[in-house]
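Per-entry structural report
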Amino acid sequence: MKSLLFLNLIALFVALIADVYYDEATIIQKKPVVMHVHGGSWCEGSKDKEGFMGEFFQKNGFVSVVVNYRLYPETEYIDDMVEDIYKTIQWTLNNIAIYGGDASQFTLIGHSAGAHLATLTTVKAALGMEVNGITLKPFHLKHLIPLNGRHEIEEGDELLASIAQLRQLGNIPGLSFLANYAEAREHLLVGKSGYDQVKILKQYGDKSIEFLGAEKYTFVECDEDTVDPMGLSDPMIAQLERTVVNVSIDHRIYHGGHTYILDGIENHDAEIENELLDIVNSVY
C-alpha cells in the first residue's frame, strides 16, 4: 500500500514530497526502513518516476519512503534541497512506526544528484551545521548508500568549463536536456558555497569526528558511467577514512552505466535486485 502523509502539521509538508510504501497487513511488525532520493542533475526527476524503488523494497520486507525535493528553477539554492530532505528524514524517524517501520534500522539511498544530496544532508546534520537559519540536528542511520554520485564538485574555472561543455553538447540533436543541466549548475553552484561535502570535511582534523551520521557508507560506482564516472567517490572515501573515528566503508563497482542499479530494479532484473539487497542487508 502507498500512503500519503497527512498525520500532523509537518506531515502536511511531507505529503507534498514523500510517499510511504508499506504492508498494512503486517504493520505490527517492525521492519527496517529504506528512504530513496531521486537524481536528475538537481533540475529534474521525481518520486513518482522512481516509485519502483519504493515498491521493490516494500516487496522485500522493508518500509520504504521515496521523496521529492525542490528543484531548479523552483530554487537556486542547494540548501533548499538539503532542507527538504532533512525535514523528510526527521519526519520519518519520528513517524515511521505508524507504518510498521523501525526507525533504528534506517538506510538512506540516493542516486546521482540524489546521492550527492543524501550525503550532503547527512554530513551537515552530523556536524550541526546551519541550513536556511535552521541548525540541523544529528540523526543516526544504519547505512548510507550513494549510487553513482558526485561528492567533490568542480569550482572556479573548472566549474565554468564543465558548464560550457554541457551547453555545447546540448546543441546536439537529442541532447538538449544537457543545456538544462548547464543552466541548473550555473544558477545553483557558481559563486556559491556549502554544497561540497568533501570540502566541508577538509576543514576537520584527523579523527576529529566521532560519528558522521551513518554506521556504514557504501559507495556504488559503475565502470561505464559517463555521467558520474568512476573515481568520484574516492575523495569522499578518503575524507571519511581521515576524519571519522567510527565508520565502516564499502566501495562496490559494477559493470554498467549510470543507471545500472535503477534500470535493474525497474526492469525486475533478478541479478541486480539481489546485488542491491546484498548491499542493503549487509548491515543486518
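Report follows, based on the coordinates.

About the criteria used
Residues numbered from 1 in each chain as written. Predicted model: local features only at pLDDT ≥ 70, side-chain atom pairs only at ≥ 80, totals over all residues. Heavy atoms only, no water. Buried < 20%, exposed > 50% of the residue type's maximum accessible area, 1.4 Å probe, protein only. Helix = DSSP H or I, 4+ residues; strand = E, 2+ residues; numbered from the N terminus. Pairing = 2+ DSSP bridges. 1 Å grid on protein atoms, 1.4 Å probe; cavity = no way out; pocket = protein on both sides within 12 Å on 5 of 7 lines; lining within 4 Å. Points joined across faces, edges and corners; volume = space filled by probe spheres on them. Nonpolar A, V, L, I, M, F, W, Y, C, P; charged D, E, K, R; others polar. Phe/Tyr/Trp six-rings, centres within 6.5 Å; stacked < 30°, edge-to-face > 60°. Arc of directions from axis to C-beta. Contact = heavy atoms within 4.5 Å. Lys, Arg positive; Asp, Glu negative; His and termini not counted. Salt bridge = Lys/Arg side-chain N within 4 Å of Asp/Glu carboxyl O. Right-handed = clockwise from strand over helix to strand, strands pointing away.

Points about the pairing of strand E2 (residues 18–21)
Remember that side chains alternate between the two faces of the sheet whenever the strand is regular. Side chains Ala18 and Val20 project from E2 onto one buried face, and the interleaved Asp19 and Tyr21 project onto a second face that is buried too. Note: E2 against strand E4 (residues 63–67), four bridges, orientation antiparallel. Its bridge partner being in E4, valine 20 is matched across the sheet by valine 65.

Concerning the layout of surface pockets
What the largest pocket holds in volume is close to 790 Å³. Along the wall of the largest pocket there are 31 residues; nearest its centre are Ser41, Ser112, Tyr181, Val227 and His258. Mapped by element, the contributors of at least two residues to the lining of the largest pocket are helix H4 (113–126), helix H5 (156–169), helix H6 (177–189) and helix H9 (260–266). The residue inventory of the lining of the largest pocket, partitioned by class, reads 10 nonpolar, 12 polar and nine charged. The calculated volume of the second largest pocket comes to roughly 170 Å³. Along its surface, the second largest pocket is lined by 14 residues, and Ser193, Gly194, Tyr195, Asp196 and Ile200 are the ones closest to its centre.

Looking at the packing of aromatic side chains
Scanning the entire structure with this criterion turns up eight aromatic pairs. Between phenylalanine 177 and tyrosine 181 the ring centres are 5.3 Å apart and the planes differ by 70°, which places this aromatic pair in the edge-to-face class. Here phenylalanine 177 pairs with tyrosine 181, and both are found in helix H6, just four residues apart, close to one helical turn. Overall, tyrosine 181 belongs to the buried group, its relative accessible area being 15%. When the ring of tyrosine 254 is compared with that of tyrosine 260, the centres are 5.8 Å apart and the planes differ by 20°; the resulting orientation is stacked. An identical accessibility class is assigned to tyrosine 254 and tyrosine 260; each is buried. One aromatic cluster in this structure is built from Tyr22, Trp91 and Tyr99.

Observations concerning helix H8 (residues 234–243)
Buried within H8 we find Met236, Ile237, Gln239, Leu240 and Thr243. Each buried residue of H8 sits inside an arc of 165° when the element is viewed along its axis, so together they form one side. Its buried side turned inward, H8 meets H4, helix H7 (197–201), strand E9 (214–222) and strand E10 (248–254).

Quick notes on the side chain of lysine 216
Among the structural elements, lysine 216 can be located in strand E9. One buried charge, lysine 216, has no salt-bridge partner; the nearest side chain with opposite charge is aspartate 250, at 4.2 Å. Other than its neighbours up to four places away in sequence, lysine 216 contacts Lys142, His143, Leu144, Ser248, Asp250, Ser282 and Val283.

Some words on the pairing of E10
In terms of strand pairing, E9 meets E10 through seven bridges, oriented parallel. Bridging across to E10, tyrosine 217 finds its partner in isoleucine 249. In this region the chain leaves E9, passes through H8 and returns to the parallel neighbour E10; the handedness of that crossover is right-handed.

Side note on the pattern of salt bridges
In total, this model carries 18 salt bridges according to the counting rule given. Aspartate 80 is the partner of arginine 70 in a salt bridge, and the nearest nitrogen-oxygen pair spans 3.9 Å. Of the two residues, arginine 70 is situated in the loop between E4 and helix H3 (78–95) and aspartate 80 in helix H3; the sequence distance between them amounts to 10 residues. Across the pair glutamate 154 and arginine 185 runs a salt bridge whose closest N-O atoms are separated by 3.9 Å. Pair noted here: glutamate 154 is in the loop between strand E8 (141–147) and H5 and arginine 185 is in helix H6, with a separation of 31 residues, a long-range link. Glutamate 154 sits in the buried class, given a relative accessible area of 14%. Overall, the relative accessible area of 12% leaves arginine 185 in the buried class. In the salt-bridge network here, residues are joined through shared partners; they are Arg70, Asp80, Glu83, Asp84 and Lys87.

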